[in-house]
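# Residue-level structural notes
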Amino acid sequence: YMGCLTTISGGITNLLFKIEGPDGFAALLRVFGDNTEKLIDRPKETEVFAQLASCGFAVPFLLAFQNGRVEGWRSMRPLQPAEMATFAPRIAPELARMHALRLEEPGNAERQPQLAAFLRQWLQDAATAHFDDPAKMRKLAGFDIPSLAREWEWLQGHIPSCRNGEGAALAATREGDA
């Protein structure tokens, strides 16, 4: 017995495999999907994952390679909706602790918000995207990209940010409801 490689279902942008060695060792092999770097900054994702692992918020980070990484394996199952109320009081403080971490984000030493710029670029790319596969083009045509762009611009005026006084108008509206 030399070990085993098993395909894991459920990856959205990755191919996932469980690696099992003859000594009981198990790990997750994550192979990044083709062209997903257009949506996900893979080096940044891997660096942040490694930091989360070092803080105990992720399985161990074992190694990275050009188009993926190897992570520790943890046998688990997702919670069922009926179990959420039982576990939520334990999950919430851990989630708060994770969000309080001061991770180093590659390329963002000033710790500036990245979502707006990322979505703006994604909307520009989506508006000009072309696929050779007609089925993919039909799916893309089903998205009203100009409408999504307008909605994003509207949201940026309402989500608390430096663009709108950190949501001062929204906060004033909420205070008036009280």
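Predicted model only: the values in this text are computed from it and were never measured. (Residues numbered from 1 in each chain as written. Predicted model: local features only at pLDDT ≥ 70, side-chain atom pairs only at ≥ 80, totals over all residues. Heavy atoms only, no water.)

### Looking at the overall build of the protein
Threshold: Every helix listed is a DSSP run of H or I at least four residues long, and every strand listed is a run of E at least two residues long, numbered separately from the N terminus. Using C-alpha atoms as the atom set, the radius of gyration is obtained and then compared with a globule rule of 2.2 Å times the number of residues to the power 0.38. Buried, partly exposed and exposed residues are distinguished by accessible area as a fraction of the type maximum, computed with a 1.4 Å probe on protein chains only: under 20%, between the cut-offs, and over 50%, respectively.
A count of helical and extended segments in the protein gives six helices and five strands. Secondary structure elements of the protein occur, N-terminal to C-terminal, as β-β-β-α-β-β-α-α-α-α-α. Since a compact globule built from 178 residues should have a radius of gyration of about 16 Å, the 21 Å found for the protein marks it as more spread out than a globular shape. In terms of overall dimensions, the protein has C-alpha extents of about 65 × 50 × 40 Å along its principal axes. Out of the 178 residues in the protein, the part that is buried amounts to 22%.

### With respect to the pattern of salt bridges
Put simply, the rule reads: Only one rule defines a salt bridge in this text: a Lys or Arg side-chain nitrogen within 4 Å of an Asp or Glu carboxyl oxygen.
A full pass over the atoms with the stated rule returns eight salt bridges. A salt bridge links Arg69 to Glu71; its shortest N-O distance comes to 2.7 Å. Given the relative accessible area of 4%, Arg69 is considered buried. The buried category is assigned to Glu71, whose relative accessible area is 3%. Between Arg77 and Glu83 there is a salt bridge, with the nearest N and O atoms lying 2.5 Å from each other. Connected through salt bridges with shared partners, the residues Arg30, Arg42, Glu45, Arg69 and Glu71 form a single ionic network.

### So, unusual backbone geometry
With a phi close to 65°, Asn35 is a non-glycine residue in the positive phi region. Considering the arrangement of structural elements, one finds Asn35 in the loop between strand S3 (26-32) and helix H1 (42-54).

### A look at the sheet that holds S3
Defined as follows: When DSSP locates at least two bridges between a pair of strands, those strands are taken to pair. Fitted lines through C-alpha atoms give the axes, limited to the stretch in contact for helices. The angle between two N-to-C directions lies from 0 to 180 degrees. Contact criterion: two residues are considered in contact whenever any of their non-hydrogen atoms come within 4.5 Å of each other.
As summarised here, the arrangement of the five strands in space is S1-S2-S3-S5-S4, forming an open sheet in which the pairing is antiparallel. In this open sheet, the two strands that pair with only one neighbour each are strand S1 (4-8) and strand S4 (61-65). Neighbour-to-neighbour, the strand axes of this sheet turn through a mean angle of 20°, independent of strand direction. Here five bridges tie S3 to strand S5 (residues 68-72), and the two strands are oriented antiparallel to one another. Along S5, the bridge assignment pairs Leu29 with Val70. Relative to S4, H1 is tilted by about 165°, and along the sheet it contacts strand S2 (14-20), S3, S4 and S5.

### Observations concerning the packing of helix H3 (residues 115-128) against helix H5 (residues 145-156)
Rules: By definition in this entry, angles of less than 35 degrees are roughly parallel, angles greater than 145 are roughly antiparallel, angles of 65 to 115 are roughly perpendicular, and the rest are oblique. Crossing handedness: left-handed means the near helix sits turned counterclockwise from the far one by under a right angle, and right-handed means the same turn made clockwise. Three residue categories are used. Nonpolar comprises Ala, Val, Leu, Ile, Met, Phe, Trp, Tyr, Cys and Pro, charged comprises Asp, Glu, Lys and Arg, and polar comprises the others, including Gly.
Across the interface, H3 lies against H5 with an axial gap of 10 Å and an inter-helix angle of 165°. When the interaxial angle is binned, H3 and H5 end up roughly antiparallel. Crossing handedness for the pair H3 and H5: left-handed. On the side of H3, the interface is formed by Leu115, Ala116, Leu119, Arg120, Trp122, Leu123, Ala126 and Ala127, while H5 contributes Ile145, Leu148, Ala149, Trp152, Glu153 and Gln156. Looking at the contact of H3 with H5 residue by residue, the classes come out as 11 nonpolar, one polar and two charged.

### Details of the packing of aromatic side chains
The condition that has to hold: To pair, rings of Phe, Tyr and Trp, with the six-membered ring standing in for Trp, must have centres within 6.5 Å; the planes then decide the type, stacked if under 30 degrees apart, edge-to-face if over 60, and tilted in the middle.
Counted according to the given criterion, the structure contains one aromatic pair. Consider the rings of Phe49 and Phe61, whose centres lie 6.2 Å apart with planes at 70°: the pair is edge-to-face. Of this pair, Phe49 sits in helix H1 while Phe61 sits in strand S4; the two residues are 12 residues apart in sequence, bridging distant segments of the chain. Take Phe61: its relative accessible area is 30%, and that puts it in the partly exposed class.

### A short note on a nonpolar patch on the surface
Selection rule: By definition, no residue in a patch forms a salt bridge, and every one has over 30% relative accessible area; like charges are joined within 9 Å, nonpolar side chains (Val, Leu, Ile, Met, Phe, Trp, Tyr) within 5 Å. Computed with the Shrake-Rupley method and a 1.4 Å probe, the accessible areas treat only the protein chains shown as cover for residues.
A cluster of nonpolar residues, Leu39, Leu115, Phe118, Trp122, Phe143 and Leu148, forms a patch on the protein surface that exposes about 540 Å² of accessible area. Sorting elements by how many residues they give to the nonpolar patch places H3 first, with three residues. Along the chain, Phe143 falls in the loop between helix H4 (134-141) and H5.

### Comments concerning the environment of Pro106
Among the structural elements, Pro106 can be located in the loop between helix H2 (84-99) and H3. Its relative accessible area of 33% is what places Pro106 among the partly exposed residues. Between the alpha carbons of Pro106 and Lys44 there is a distance of 5.9 Å; along the sequence they are 62 residues apart. Setting aside chain neighbours within four positions, we find Pro106 in contact with Lys44 and Glu47.

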